[in-house]
Structure formats: structure tokens, C-alpha cells
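Coordinates in review
Listed here are the chains, written in short residue letters.
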Amino acid sequence: MTSIVRPTIGAQLSVLDLEKHRDWLLEYDRDLELPEFCMADILKAPQPFIDMARKYLSGWQGRLGIHGPFSGFELDVKDSDMRGIVQTRLDQALDVCDALDARQMVIHSPYNHWDMGNLDNTPRSRAAKCDAVLTTLQPAIQRAEALGVMMVMENIQDCDPDMRAEVVRAADSVALRLSVDVGHAHWAHVTCGAPPADRFIRAAGDLLGHVHLQDCDGYADRHWPIGCGNICWNGVFEALEDCHSHPHLIVEINEFDRVPESVTHLAQLGLAQ
């Protein structure tokens, strides 16, 4: 009788919390995502955070990612002057990936619940939005390909899981794949009538490179520890079993100290370790 190998869960942890959680990370060389590098002020002067991360991750052999910039802009920006600023921020984040040998960078989807009902009002609206996103991302995609970095586009207010997948398919690059945040998907399901979180994962298929695991109630984006909300975790992990792209599985909750508790909850359900 063969034993079932459960997926190993990683986490988003602040650089400032790495020393505290180092033993937990080293236990299974868990995947790690660093959130600091989404902030413009840190991207302008990232070296202290890079040095700290290198110090505490010495000897760790898991897969490293960062959360890229998103605040104050959308990727479908049409103003060319503003687009240049967005492209600079993405390039600064890729500098960090290069310095830390990070293999993944999370970026945010520009699609929302308005798009679900309105993007097909005119024949070209859907294609035009996809084109605008790719115009913004093209320099970053080219550089990420050269660095061996995978950018993963996370659902934020998305209600149609295929809209951002259209961008990934159109890019046709190993440097751009999909991320599913199960809490965001659950919010969209309860509040906006979107499919449930497991359907977001199945819709992504083998384009899925990354998953944010957080719990919520469907009313708001809670980022609660796993087990504190009402997401159907059995359904989520059944969908992941059918995914063959080996995505990073990252607990992303507000209380970093409760990350191990969240993973323990999944382990007690027999879903992960």
C-alpha cells in the first residue's frame, strides 16, 4: 500500500519575521514569499531588506518569490506617461528577484466585477483590455524570461476566471502564469456570483503557478488564519490534485505568527503538510 504524499505548504512572511520562523521554513524547505517588495519606497532602496533576507535564508533551499508592486495603478493603464512609471516599478521588483535569486513575482489582475457584465458591450473591448495589459507587461516579460522569473497574475476582484487567462495565453511566455487567491475567489463567489474557489483553480489548469491560501467569510477580504472562515478546503485541494504545474502554495494571512497554525489545520484535515 503506497502512502499519499500531501503537498507542502509555504507562506508569505515579512523579512522582519524570517528569524522567528526559520526553523519552520527549514523543516520541509517550504516555499516562501516576501511581501515588502510591493512597496515603492522599499523598491527605491531595497538593499537592507535584501541583505536581511540573505542572512536568515542561508541554508534554506525552498522556492523563493516576492509580491510585486501594485499600489496606485492597474496593469491596463492607457496613459503612456503613467505606463512608464508602472514599468519602472516592475523593473525595480525584477532587480530584487535577480539579487535574491527569486523565481516568482506576484502581480495583480486589473479585471473586476464590472468587467464581467460590461467588457463585451463592444466587439473590441475585451481584446483592447488584454492588449493594454500586455503593452504594460511586455518589457517585464522579456526581462523575466532572461532571469528565469515567473510572474503570476493574481485574481483580485475577478469574477470571470478566464479573463486574466486570456492575457496569459496571449503572452505565450513561460514568464507569465496565473495565481489564484482562494479568499479573493470566495469573496467574488459570495458577493458577486462568481464561481467558487475550486473552479478558479480548475479553470487555471496547468497555467497555475501560484496559490494564495487564506480564509474568509465571503463578505470581505479577511486574510484570516485557515480554519477561521468558511472556505471549502477539501474542494480546493481536490482541484489542486488535478493540477500538474506544481504551483507555489503560500499561506497569506494578516497574522504571520499564526501561519504554522494554519498549516497544522490543513494537516489535520489530511490535505497538506
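Residues numbered from 1 in each chain as written. Predicted model: local features only at pLDDT ≥ 70, side-chain atom pairs only at ≥ 80, totals over all residues. Heavy atoms only, no water.

**Side note on the layout of surface pockets**
- Roughly 460 Å³ of internal volume is contained in the largest pocket.
- R6, P7, T8, H246 and L249 are, among the 22 residues lining the largest pocket, the residues nearest its centre.
- Per-element tally for the lining of the largest pocket: the top contributor is helix α10 (residues 233–241), with five residues.
- Taken together, the residues that form the lining of the largest pocket break down as 10 nonpolar, five polar and seven charged. (1 Å grid on protein atoms, 1.4 Å probe; cavity = no way out; pocket = protein on both sides within 12 Å on 5 of 7 lines; lining within 4 Å. Points joined across faces, edges and corners; volume = space filled by probe spheres on them. Helix = DSSP H or I, 4+ residues; strand = E, 2+ residues; numbered from the N terminus. Nonpolar A, V, L, I, M, F, W, Y, C, P; charged D, E, K, R; others polar.)

**Describing the packing of helix α3 (residues 47–56) against helix α4 (residues 80–100)**
- Two numbers describe how α3 lies on α4: the axes approach to 10 Å, and their chain directions differ by 30°. As the angle between them shows, α3 and α4 are arranged roughly parallel. Note that α3 runs across α4; the crossing there is right-handed. Residues I50, A53 and R54 of α3 form the contact with α4, whose own contacting residues are V96, A99 and L100.
- By residue class, the composition of the contact of α3 with α4 is five nonpolar, no polar and one charged. (Axes fitted to C-alpha atoms, helices over the stretch in contact; angles between N-to-C directions. Parallel < 35°, antiparallel > 145°, perpendicular 65-115°, else oblique. Left-handed = near helix turned anticlockwise from the far one by under 90°. Contact = heavy atoms within 4.5 Å.)

**A look at α10**
- Every buried residue of α10 is listed here: W233, G235, V236, F237, A239 and L240.
- As for α10, its buried residues are in contact with α8 (182–192), α9 (197–204), β7 (208–213), β8 (248–251) and α11 (259–268). (Buried < 20%, exposed > 50% of the residue type's maximum accessible area, 1.4 Å probe, protein only.)

**Section: the packing of aromatic side chains**
- Inspection of every chain in the model, using the stated rule, returns zero aromatic pairs.
- One cation-aromatic arrangement involves R30 over W24; the distance from NZ or CZ to the ring centre is 4.3 Å. (Phe/Tyr/Trp six-rings, centres within 6.5 Å; stacked < 30°, edge-to-face > 60°. Lys NZ or Arg CZ within 6 Å of the ring centre and 35° of its normal.)

**Focus on α3**
- Every buried residue of α3 is accounted for by I50, A53 and Y56. One side of α3 carries all its buried residues, which in axial view fall inside an arc of 140°.
- Contact partners of the buried residues in α3: α1 (18–28), β2 (32–34) and α4. (Arc of directions from axis to C-beta.)

**Remarks on the sheet that holds β2**
- Read around the closed barrel, eight strands run β1-β2-β3-β4-β5-β6-β7-β8, paired in parallel fashion. Across this sheet, the average inter-strand angle for adjacent strands is 30°, counted without regard to direction.
- As paired strands, strand β1 (residues 10–12) and β8 are joined by two bridges and run parallel to one another. Following the sheet pairing, A11 is matched in β8 by V251.
- The strands touched by helix α6 (residues 125–147) within the sheet are β4 (104–108), β5 (150–154) and β6 (176–181), with β5 carrying the most contacts at an inclination of about 150°. (Pairing = 2+ DSSP bridges.)

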